[in-house]
Amino acid sequence: MDSLKASFDLTGKVAVVTGGTGALGSVMAAGLARAGASVAVLGRNAERAGEVCARIGSQAMPAPADVLDEDQLGAAREAILERHGRIDILVNAAGGNLPGATLPQGGSFFELEPDAMRQVVDLNYMGTVLPIRVFGRDLASGEAGGIINISSMAAIKSITRVVGYSAAKAAIDNLTRWLAMEFGRQYGGALRVNAIAPGFFVGEQNRRLLLEDDGSLTPRGQTIIAHTPMGRFGEADELIGTLVWLASDASRFVTGVVVPVDGGFAAASGV
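Here's what I pulled together on the structure shown here. Here the structure is a predicted model, which means the values were calculated and not measured. (Residues numbered from 1 in each chain as written. Predicted model: local features only at pLDDT ≥ 70, side-chain atom pairs only at ≥ 80, totals over all residues. Heavy atoms only, no water.)

## With respect to the overall build of the protein chain
Of the regular secondary structure elements, the protein chain holds 10 helices and seven strands. Its C-alpha atoms give the protein chain a radius of gyration of 18 Å, within 12% of the compact-globule value 18 Å for 271 residues. Seen through its C-alpha atoms, the protein chain measures out along the principal axes to roughly 55 × 40 × 40 Å. Excluding contacts between residues fewer than 6 apart, the proportion of contacts in the protein chain whose partners are at least 24 apart in sequence is 68%. Accessible area for the protein chain stands at about 13200 Å²; split by element, carbon and sulfur atoms hold 52% of it. Here the protein chain holds 23 positive side-chain charges and 28 negative ones, and the gap between their average locations is 4 Å. (Helix = DSSP H or I, 4+ residues; strand = E, 2+ residues; numbered from the N terminus. Rg over C-alpha atoms; globule rule 2.2 N^0.38 Å. Contact = heavy atoms within 4.5 Å. Areas by Shrake-Rupley, 256 points an atom, 1.4 Å probe, with all protein chains shown as cover. Lys, Arg positive; Asp, Glu negative; His and termini not counted. Charge placed at Lys NZ, Arg CZ, Asp CG, Glu CD.)

This is the structure in structure tokens:
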């Protein structure tokens, strides 16, 4: 293997993917495994985690845990260390939205449910903070650990209606930069922190917002495509190249960045 290919190779590395049972998280877990890593698929549903691992193969192990429960995260950590003895990569793919934290069509900010807002912020923000607390020391104790957070276009541009999710993902961008600074000072290149900001990918949570029952675009889907220079939604496996780059030695001098994988959505002005 030449030096360039070797810099992208994850053989011998151990990765934890939170939200690993989700539409994007499961694909990212499989992509890390294809790059050579052993992968722990972390999700609340043990059965679904097992199904994802069965599709990936022997390189994957289920690690059932709720990202908002430090005790469960700690138990998952112990199981991973018992099997592999190390943790090198953490991908924080857990997240999501709730209807109560999203403005209904024609609705007002003043009608939002505070409890739903708290739940969305907790899931997306604290659901990233807590795994970093639990797994971060293990990453820092190795030769070169990497944390990859999952941001969103909603953090980069103001997108109508999704206020709770947008605020939480904006906090992820700031957390990524802050931790990159802090960990860089403490650990140098031994612990890097970056993020990926996916564009619009069709999944379980947003399918009805983007597509009609017949597969045609909803009005909101039409607006998104009109503002995406590449003229389509993303495919989940199109995140893998950026993910492997950020997880590998190929990006060993990269920290504190948020990389859009969005078909040009963030670059377009709409004019």
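## Some thoughts on the pattern of salt bridges
Counted by the stated rule, this structure contains six salt bridges. We note a salt bridge from Glu78 to Arg77, for which the minimum N-O separation is 2.6 Å. By relative accessible area, Arg77 is classed as partly exposed at 22%. Among the ionic pairs, Asp138 bridges to Arg77, the shortest N-O distance being 2.6 Å. With Asp138 in helix α5 (residues 114–140) and Arg77 in helix α4 (residues 70–84), the pair connects residues that are 61 residues apart, well separated along the chain. Look at the salt bridges and you will find they share partners, linking Arg77, Glu78 and Asp138 into a network. (Salt bridge = Lys/Arg side-chain N within 4 Å of Asp/Glu carboxyl O. Buried < 20%, exposed > 50% of the residue type's maximum accessible area, 1.4 Å probe, protein only.)

## Description of unusual backbone geometry
Within the chain, Arg161 stands out as a residue other than glycine whose phi angle is a positive 80°. Within the element layout of this structure, Arg161 appears in the loop between α6 (153–156) and α7 (163–187).

## Things to note about helix α10 (residues 240–247)
When you tally the buried positions in α10, you get six out of eight residues, the bulk of the element. Of all the positions in α10, only Ile240, Thr242, Leu243, Val244, Leu246 and Ala247 are classed as buried. Buried residues along α10 sit against α1 (3–8), α2 (23–34), β4 (89–92), β5 (145–150), β6 (191–198) and β7 (258–261).

## Remarks on the sheet that holds strand β1 (residues 14–18)
On the basis of which strands lie adjacent, the open sheet formed by seven strands has the order β3-β2-β1-β4-β5-β6-β7 and parallel pairing. The strands lining the two open edges of the sheet, one partner per strand, are β3 (60–64) and β7. Each adjacent strand pair in this sheet contributes to an overall mean axis angle of 20°, direction not counted. (Pairing = 2+ DSSP bridges. Axes fitted to C-alpha atoms, helices over the stretch in contact; angles between N-to-C directions.)

## Quick look at the environment of Gly234
For Gly234, the location among the structural elements is in the loop between α9 (219–226) and α10. Excluding anything up to four places from it in sequence, Gly234 contacts Phe200 and Phe201.

## Remarks on helix α3 (residues 46–56)
Along α3, the positions that sit buried rather than exposed are Ala49, Val52 and Cys53. One side of α3 holds all its buried residues, which, seen down the axis, span an arc of 100°. Seen from the buried face of α3, the exposed residues on the opposite side, beyond 90 degrees, are Glu47, Ala54 and Arg55. On its buried face, α3 is in contact with α2, β2 (38–43) and β3. Two to three positions downstream of the cap, the backbone nitrogen of Glu47 sits 3.0 Å from a side-chain oxygen, assigning the N-cap of α3 to Asn45. Positive phi appears at Gly57, one or two residues downstream of α3, with a value of about 115°. (Arc of directions from axis to C-beta. Polar contact = N/O pair within 3.5 Å; in protein donor to acceptor, adjacent residues only side chain to side chain.)

Keep in mind these numbers describe shape, not what the thing actually does.
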